[in-house]
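Per-entry structural report
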Amino acid sequence: AVKKQYIHAVPALPRVRMDDEPRGYFNPVEYTQLWKRAQSLAGKTVPVYKDSDYVAGQLRPDAQPYRKIRITHECFEMIMFMRNTYLRPTDIKVIRHRHVTQVERAGITFLELRHPATKRHSRVMTSTEYAAAHYERICEARRADGFGRPDDYVFMPQHANREYALKELTRQFDVVLRDVGLKADANGRTRTLYSLRHTAIVAAIHAGISEQTLAMNARTSVAMIDRFYGSHVKSVLERGTEVVDRIAAKHQRYAAKAKSKAWEET
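Rules behind the numbers
- Residues numbered from 1 in each chain as written.
- Predicted model: local features only at pLDDT ≥ 70, side-chain atom pairs only at ≥ 80, totals over all residues.
- Heavy atoms only, no water.
- Helix = DSSP H or I, 4+ residues; strand = E, 2+ residues; numbered from the N terminus.
- Buried < 20%, exposed > 50% of the residue type's maximum accessible area, 1.4 Å probe, protein only.
- Contact = heavy atoms within 4.5 Å.
- Pairing = 2+ DSSP bridges.
- Expected span 1.5 Å × (residues − 1).
- Axes fitted to C-alpha atoms, helices over the stretch in contact; angles between N-to-C directions.
- Parallel < 35°, antiparallel > 145°, perpendicular 65-115°, else oblique.
- Left-handed = near helix turned anticlockwise from the far one by under 90°.
- Nonpolar A, V, L, I, M, F, W, Y, C, P; charged D, E, K, R; others polar.

1. A short note on the side chain of N84
Following the sequence through the fold, N84 ends up in the loop between α2 (73–83) and α3 (89–92). Residue class for N84 comes out buried when judged on its relative accessible area of 4%. Excluding its chain neighbours within four sequence positions, the residues that come into contact with N84 are Y31, S127, T128, Y130, A131 and H134.

2. Quick notes on the sheet that holds strand β6 (residues 108–113)
The three strands lie next to each other as β5-β6-β7, forming an open sheet whose pairing is antiparallel. The two strands at the open ends of the sheet, each matched to only one other strand, are β5 (100–105) and β7 (125–126).

3. Focus: helix α6 (residues 194–206)
Look at α6: 19 Å from first C-alpha to last across 13 residues, which is about the 18 Å you get at 1.5 Å a residue. Those residues of α6 that fall on the buried side of the exposure criterion are Y194, S195, L196, R197, H198, T199, A200, I201, V202, A204 and I205. Looking one or two residues beyond α6, the residue adopting positive phi is G208, at roughly 95 degrees.

4. Notes on the packing of helix α1 (residues 28–41) against helix α5 (residues 162–180)
At a minimum axis distance of 10 Å, the contact between α1 and α5 shows a crossing angle of 110 degrees. With respect to α5, the axis of α1 lies roughly perpendicular. Crossing handedness for the pair α1 and α5: right-handed. Touching Q33, L34, R37, A38 and L41 of α1 are F173, V176, L177, D179 and V180, all from α5. The class makeup of the residues in the contact of α1 with α5 is seven nonpolar, one polar and two charged.

5. Considering unusual backbone geometry
Of note in this structure, Q5 is not a glycine but carries a positive phi near 65 degrees. With respect to the secondary-structure elements, Q5 resides in the segment before α1. What makes Q5 exposed here is its relative accessible area of 67%. At A106, a residue that is not glycine, the phi angle is positive and equals roughly 55 degrees. Within the fold, A106 resides in the loop between β5 and β6.

Take a look at the structure:
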């Protein structure tokens, strides 16, 4: 309207406050419970219940399953891989073996992920130091099944329909969450497959990785890191050891100075 000169100025608009709802994530204890349960359920068929069959997170005694889902070992593999690579669930359906490269720095092996752009981000993603070992085990399992070639998908390569492949892994993951009692966090927030990425980013913040570095590596922005992930960090002492390291270094300087002064006086 302003450009067409129907009005002379844009009217003052009210400021609407929007409260962000960060996704639930897994603390170290919960994450261990999750992957161990997924590992133990691999190869087993688990009954599935409706959401209405749960009351305060507990299954009603009279609930009847409406279907059964077989949990594959790939569910466990996906949990370990996503936690250590910052992947989004949508990345799972597109990533192929040719997108994964092992690189070594200072004697430590990392994975570099160069998969197609998701959410308009296409930067190279670098894993944690634990991802390489997980990926090696995945490759061994795929080769045993006749897959593992560069153009094969890392997860569920037998399914050409990648939407179905992702949905199948999502279903399995949800069943494991229900089974281990981690579908909701302590604040009542529902956990999903995306919570694994959330867990990886929050752990990186706790480890002291800067938001700028983390945002670039996780294919997101600093603003998103601060809004949706930093809310889980309640103290600067939870952001790695930077604060403590600086104080410790200062104390060491004081101690060295005092020792030097004492030596000079003698």
